[in-house]
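Coordinate analysis (summary)
Here is how the chains run, residue by residue.
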Amino acid sequence: MRSMLQALREGLARTRQAAFGRIAQLLGATEITPALWEELEAALIQADVGVRVAQELLDRLRERVRREGVTRAEDLRAMLKAELRALLKDPPPLNLGRDPLEVVLVVGVNGSGKTTTVAKLAHRFRQQGRRVLLAAADTFRAAAGEQLEIWADRAGVPCIGGQPGADPGAVLFDALQAARARGYDLVLADTAGRLHTKYNLMQELQKVRRVAAKAVPGAPHEVWLVLDATTGQNALPQAREFHQAVGVTGLILTKLDGTAKGGAVFAIARELGLPVRFVGVGEGLEDLLPFDADAFVEELFEDATGSPA
């Protein structure tokens, strides 16, 4: 079985090869010149960190170079790593493991990988000794409940659902009642994928949140937004709207292995101030990794053999 570090390294291969490999080349044994700054800015933007974030990074690097008297581009590498790492705030402890029954709402737009992510979360928490039940509160999309049940079987956890078109709040309420009666201590609710621009669907999501709060004191204990890493900067408006509607507490980035836009992590973290909790680097149940900011930054600058680039 591959280690988490190896899984992260493989998941970031496209981002590293497409963009950060170029940055590593720029920060080689050369002098710091005006042309270098321009190329470094272009490479950061290509890595999808965003124009604003790229400019802020370069402003801080220029100030450090001036203050510390640095003249060699290779000395910029450690500085850039440090500045990138500073953008990724360490998340607060998970608001889980304190109450007899806890609820996590998993939200996101269509096609973000939300349903499979719920199953991967169930697998992870079950391995940690939690008694997990899934709530198939996505009653909008055809066959969504059946898809979640298939994944629930793979993860070895039960799933409570309803008929297509049923009220998602009622489905979640039933799941919470069942969890309490059967002694489960964690409910992961898969909500319907919805465009962040659809007002009525966002209102429905707010109702689901209210149902959770009425049924279980303190619920939802976490609200995790699943974002498709392949959308890069386009994930930002989605995240803003979901956060405003339901108070997102953490982010999960999926499909990191299928994109060269992994640099968007920095833009999202900088703009929203929300912690990245997990990253998806494959299709298997094991391919959801806790986000480690130090390892993430280091791996962006590693070559294919695991040596510093």
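Residues numbered from 1 in each chain as written. Predicted model: local features only at pLDDT ≥ 70, side-chain atom pairs only at ≥ 80, totals over all residues. Heavy atoms only, no water.

Turning next to the packing of aromatic side chains. Going through the model one piece at a time under the given rule, you end up with five aromatic pairs. Taking the centre distance of 5.2 Å and the plane angle of 55° together, the rings of F291 and F296 count as tilted. Each member of the pair, F291 as well as F296, carries the same accessibility label: buried. Put simply, the rings of F125, W224 and F278 pair up and form one aromatic cluster. Taking the ring centre of W151 as reference, the NZ or CZ of R154 above it sits at 4.5 Å. (Phe/Tyr/Trp six-rings, centres within 6.5 Å; stacked < 30°, edge-to-face > 60°. Buried < 20%, exposed > 50% of the residue type's maximum accessible area, 1.4 Å probe, protein only. Lys NZ or Arg CZ within 6 Å of the ring centre and 35° of its normal.)

The next thing to look at is helix 5 (residues 76–87). The terminal C-alpha atoms of helix 5, which comprises twelve residues, lie 17 Å apart, in line with the 16 Å expected from a rise of 1.5 Å per residue. Buried residues of helix 5: L76, M79, L80, K81, E83, L84, R85 and L87, and no others. Residues of helix 5 that are buried in the fold lie against helix 2 (13–26), helix 3 (34–46), helix 4 (51–68), helix 11 (264–272) and helix 12 (293–300). (Helix = DSSP H or I, 4+ residues; strand = E, 2+ residues; numbered from the N terminus. Expected span 1.5 Å × (residues − 1). Contact = heavy atoms within 4.5 Å.)

The terminal C-alpha atoms of helix 3, which comprises 13 residues, lie 19 Å apart, in line with the 18 Å expected from a rise of 1.5 Å per residue. Residues of helix 3 that are buried: L36, W37, L40, A43 and L44. Taken down its axis, helix 3 places every buried residue within 130° of arc, on the same side. Turned more than 90 degrees from where helix 3 packs its buried face, P34, E38 and Q46 sit exposed. Next to the buried residues of helix 3 lie helix 2, helix 4 and helix 5. Just downstream of helix 3 lies D48, where phi reads positive at about 70°. (Arc of directions from axis to C-beta.)

Attention now goes to the environment of G111. Examined against the element boundaries, G111 turns out to sit in the loop between strand 1 (102–108) and helix 6 (114–127). For the pair G111 and V226, spaced 115 residues apart in sequence, the C-alpha to C-alpha distance is 9.8 Å. Setting aside anything within four residues of it in sequence, one finds G111 in contact with D228 and K255.

Pairing of side chains with opposite charge becomes possible as their charged atoms draw close. In the structure shown here, the tally under the stated rule is 21 salt bridges. For R270, the salt bridge identified is with E56, shortest N-O distance 2.9 Å. Taken together, the residues R270 in helix 11 and E56 in helix 4 connect sequence positions 214 residues apart. In this structure E56 comes out as buried when scored by relative accessible area, which is 19%. With its nearest N and O atoms 3.3 Å apart, the salt bridge here joins R64 to E68. Within this pair, R64 and its partner E68 are both found in helix 4, separated by four residues, close to a single helical turn. (Salt bridge = Lys/Arg side-chain N within 4 Å of Asp/Glu carboxyl O.)

What follows covers the environment of D167. Looking at the element boundaries, D167 is found in the loop between strand 3 (159–160) and helix 8 (168–182). Sequence separation between D167 and D138 is 29 residues; the distance between their C-alpha atoms is 9.2 Å. Polar contacts involving the side chain of D167 include one to the side chain of K207, which spans 3.2 Å. (Polar contact = N/O pair within 3.5 Å; in protein donor to acceptor, adjacent residues only side chain to side chain.)

The next point concerns the pairing of strand 6 (residues 250–254). Here strand 6 lies mainly inside the structure; five of its five residues are buried. Burial along strand 6 is two-sided: G250, I252 and T254 facing one way and L251 and L253 facing the other are all buried. Across five bridges, strand 5 (residues 222–228) lies against strand 6 in parallel orientation. The residue of strand 6 that forms the bridge with W224 is G250. Handedness of the strand 5-helix 10 (residues 235–246)-strand 6 crossover: right-handed. Of the pairings in the sheet, the one linking strand 6 to strand 7 (residues 276–280) comprises three bridges and is parallel in character. Residue pairing across strands places L253 opposite V279, the latter belonging to strand 7. Tracing the backbone out of strand 6, into helix 11 and back to the parallel element strand 7 gives a crossover that is right-handed. (Pairing = 2+ DSSP bridges. Right-handed = clockwise from strand over helix to strand, strands pointing away.)

Turning our attention to the side chain of H123. In this structure, H123 sits in helix 6. Residue classification places H123 among the buried residues on the basis of a relative accessible area of 13%. With near-sequence residues (within four places) excluded, H123 lies in contact with A155, L285 and E286.

Quick look at the nonpolar core now. F266 and F296 are the most contacted members of the largest nonpolar core, which has 86 residues in total. For this core, the leading source of residues is helix 11, giving seven residues. Once residues within four sequence positions are removed from consideration, F266 is found in contact with F20, V49, L84, L87, L88, F296, V297 and L300. By size, the runner-up hydrophobic cluster in this structure holds 25 residues, among which are L96, V118, A155 and V226. (Core = buried A, V, L, I, M, F, W, Y, C linked by side-chain atoms within 4.5 Å.)

Sheet architecture is open: eight strands sit in the order 3-2-4-1-5-6-7-8, paired in mixed fashion. Looking along the sheet, the strands with just one partner apiece sit at the ends: strand 3 and strand 8 (288–290). When strand 1 meets strand 5, the two strands line up parallel, connected through five bridges. Following the sheet pairing, V104 is matched in strand 5 by E222. Across the face of the sheet, helix 6 comes into contact with strand 1, strand 2 (132–137), strand 4 (186–191), strand 5, strand 6, strand 7 and strand 8 while running at roughly 170° to strand 4. Here helix 8 sits on the sheet and contacts strand 1, strand 2, strand 3 and strand 4; the angle it forms with strand 2, its principal contact strand, is near 165°. (Axes fitted to C-alpha atoms, helices over the stretch in contact; angles between N-to-C directions.)

Keep in mind these values describe shape, not function.
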